[in-house]
Amino acid sequence: MVSIKGGHKRLVTGVIATATAGLALGAFALSGTANGATESAEAAGAGKHAKPTVILEHGAFADGSSWNGVIADLRADGYPVVAAANPLRGPASDAAALRTVLDHVKGPKIVVGHSYGGNVISEAATDDPEVKALVYVAAFLPAPGESALELTNKYPGSTLPGTLDPVTYQQADGTTATDLYIQQDKFHHQFAADVPSGQAALMAAEQRPIAQAALEEKATTPAWKTIPSWDIVTTEDLNIPPAVQRFMAKRAHTHTTEVAASHSVAVSHPHLVADVIERAARATVR
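Cut-offs applied
- Residues numbered from 1 in each chain as written.
- Predicted model: local features only at pLDDT ≥ 70, side-chain atom pairs only at ≥ 80, totals over all residues.
- Heavy atoms only, no water.
- Salt bridge = Lys/Arg side-chain N within 4 Å of Asp/Glu carboxyl O.
- Helix = DSSP H or I, 4+ residues; strand = E, 2+ residues; numbered from the N terminus.
- Buried < 20%, exposed > 50% of the residue type's maximum accessible area, 1.4 Å probe, protein only.
- Core = buried A, V, L, I, M, F, W, Y, C linked by side-chain atoms within 4.5 Å.
- Contact = heavy atoms within 4.5 Å.
- Axes fitted to C-alpha atoms, helices over the stretch in contact; angles between N-to-C directions.
- Parallel < 35°, antiparallel > 145°, perpendicular 65-115°, else oblique.
- Left-handed = near helix turned anticlockwise from the far one by under 90°.
- Nonpolar A, V, L, I, M, F, W, Y, C, P; charged D, E, K, R; others polar.
- Phe/Tyr/Trp six-rings, centres within 6.5 Å; stacked < 30°, edge-to-face > 60°.
- Lys NZ or Arg CZ within 6 Å of the ring centre and 35° of its normal.

A separate point is the pattern of salt bridges. According to the stated counting rule, one finds 5 salt bridges in the structure shown. Residues E130 and K109 are paired through a salt bridge, measuring 2.7 Å at the closest nitrogen-oxygen approach. Of this pair, E130 sits in the loop between α4 (117–124) and β7 (131–137) while K109 sits in strand β6 (residues 109–114), and the two are 21 residues apart along the sequence. Judged by relative accessible area, which is 0%, K109 ranks as buried. In this structure, the salt-bridge partner of R251 is E146, at a minimum N-O distance of 2.9 Å. Linking R251 in helix α9 (residues 242–252) with E146 in the loop between β7 and α5 (148–152), this pair joins segments that are 105 residues apart in sequence. Judged by relative accessible area, R251 falls into the partly exposed class, the value being 24%.

Written out as structure tokens, the structure reads:
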């Protein structure tokens, strides 16, 4: 296990480029060409080493822009990137949406999930031979029968419940459902304490809600049991307690990196996150 006490030092040398999350297209966003994997395929045909496509799945209270810094580093190092839009409705339906992205992008893939996105990639990547590695970023690695809510409460430390802003609404069939937001004035401390306050305020305004039912829905398949996995454990996390993250990482036998960071580690430490993803790619794609 690697332990990093804060800092933004890159572990892999490369040119740092600025980029955005890419072009929105249906249920996902593609960074670069209309199909990021196409460039890799063409490179392979020309005798060059083809790098896998990195698929990024955000979690609750976030969107694809939370990966911007990570995308910039990965693209600078030659990796095609797809930032998927997570519907945040439930692990099964969200995994089905992510599988449409995985099926669309051809060739080897590294699939990355943040927070609740870990539930989604654990199901979506199951039995997909083109997914060479999974990377969990301050994320859930559920076993069958476990929910995000159950895992969060396994050990003390999460202060998320006291910051939530529930919104109940009527669905088309007449039943009611509840979406969960984080109260904007509590977002910085709760979700992104190590992110500059101005940037955290933008994140709070742009946050996407998660269905309360999604946090209660039980997992069915654990892709981490059959696919090599890496995990970034955030030791200053107020959403998923560090003890819970360590429990899941140990159970899944992941290659684990610990960092003194908030839940928004992809925003506060994008170079570290990109480096772990690239490590996973180099170890599994030849």
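Ranked by internal contacts, the top residues of the largest apolar core, which has 48 residues, are I55, F61, L98, L134, F187 and I210. Here this core takes 4 residues from helix α3 (residues 91–104), the largest share from any one element. If we ignore the near neighbours within four places in the chain, the residues touching L98 are I55, E57, A84, V120, I121 and A124. Within the second largest apolar cluster, 29 residues are counted, among which are Y79, V135, A138 and A266.

Before going further, it helps to spend a moment on the packing of helix α2 (residues 68–76) against helix α11 (residues 270–284). Axis separation between α2 and α11 bottoms out at 8 Å; the angle between their running directions is 50 degrees. By the criterion of interaxial angle, the relationship of α2 to α11 is oblique. Seen along the crossing, α2 lies across α11 with a hand that is right-handed. Across the interface between the two elements, G69, V70, D73 and L74 from α2 touch P270, H271, V273, A274, I277 and E278 from α11. Grouping the constituent residues of the contact of α2 with α11 by class yields 6 nonpolar, 2 polar and 2 charged.

We now examine the packing of aromatic side chains. All chains considered together, the criterion is met by 3 aromatic pairs. Ring centres of F187 and F191 lie 4.9 Å apart, and the angle between their planes is 40 degrees; this geometry places the pair in the tilted category. Here the residue F187 and the residue F191 both occupy positions in helix α6 (residues 184–191), the gap between them amounting to 4 residues, near one helical turn. When sorted by exposure, F187 lands in the same class as F191, which is buried. Members of the aromatic cluster, connected to one another through ring pairs, are F61, F187 and F191. Over the aromatic face of F247 sits the side chain of K154, whose NZ or CZ is 4.7 Å from the ring centroid.

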